[in-house]
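In case you want the letters, here they are:
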Amino acid sequence: QVQLVESGGGLVQPGGSLRLSCVVSGSIFVIYTMRWYRQAPGKQRELVAAITSGGTTTYVDAVKGRFTISRDNAKNTVYLQMNSLKPEDTAVYYCNADVRGTIVTVPYTYWGQGTQVTVSS
């Protein structure tokens, strides 16, 4: 089994910064692409950023220049550094990862439980 656990969410003032972390654990053989999604109240879940196993990154236009996704393969961890936060960034942030496990050997996309980010004065 594979688990994803996010941390780092919280309440921050507009213009502030937060760093989210997501640790992948369990019966892992290889982790492919890792992603951050977010879902605001009353809205659909949207892809915020993604990073491949080779380090190629993509971002939704709304966060370009403000957010940075990175990963530490030795720690099976993906990060989302969020700077210049705006009230519209308020959402539950979820990580997911495409993982080939040692038990479930077909690549499968796993999700974390989410962490709340609130940007408000």
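In what follows, the structure referred to is the one given above.
In this report, the structure presented in the accompanying data block is examined. (Residues numbered from 1 in each chain as written. Predicted model: local features only at pLDDT ≥ 70, side-chain atom pairs only at ≥ 80, totals over all residues. Heavy atoms only, no water.)

1. Some remarks on the pairing of strand β1 (residues 2-7)
Piece 1. Here β1 shows a clear split, with V2, L4 and E6 buried on one side and none of Q3, V5 and S7 buried on the other.
Piece 2. Where β1 and strand β3 (residues 18-26) come together, six bridges link them in antiparallel fashion. Within β3, the residue paired with V5 across the bridge is V23. (Buried < 20%, exposed > 50% of the residue type's maximum accessible area, 1.4 Å probe, protein only. Helix = DSSP H or I, 4+ residues; strand = E, 2+ residues; numbered from the N terminus. Pairing = 2+ DSSP bridges.)

2. A few points about the state of the cysteines
Piece 1. Counting across every chain of the model gives one disulfide.
Piece 2. For C22, the disulfide goes to C95, at an S-S distance of 1.9 Å. Taking the torsion about the sulfur-sulfur bond, which here is approximately 45 degrees, the covalent link between C22 and C95 counts as right-handed. Residue C22 is found in strand β3, and its partner C95 is found in strand β9 (residues 91-101); the two are separated by 73 residues along the sequence. (Disulfide = S-S within 2.5 Å.)

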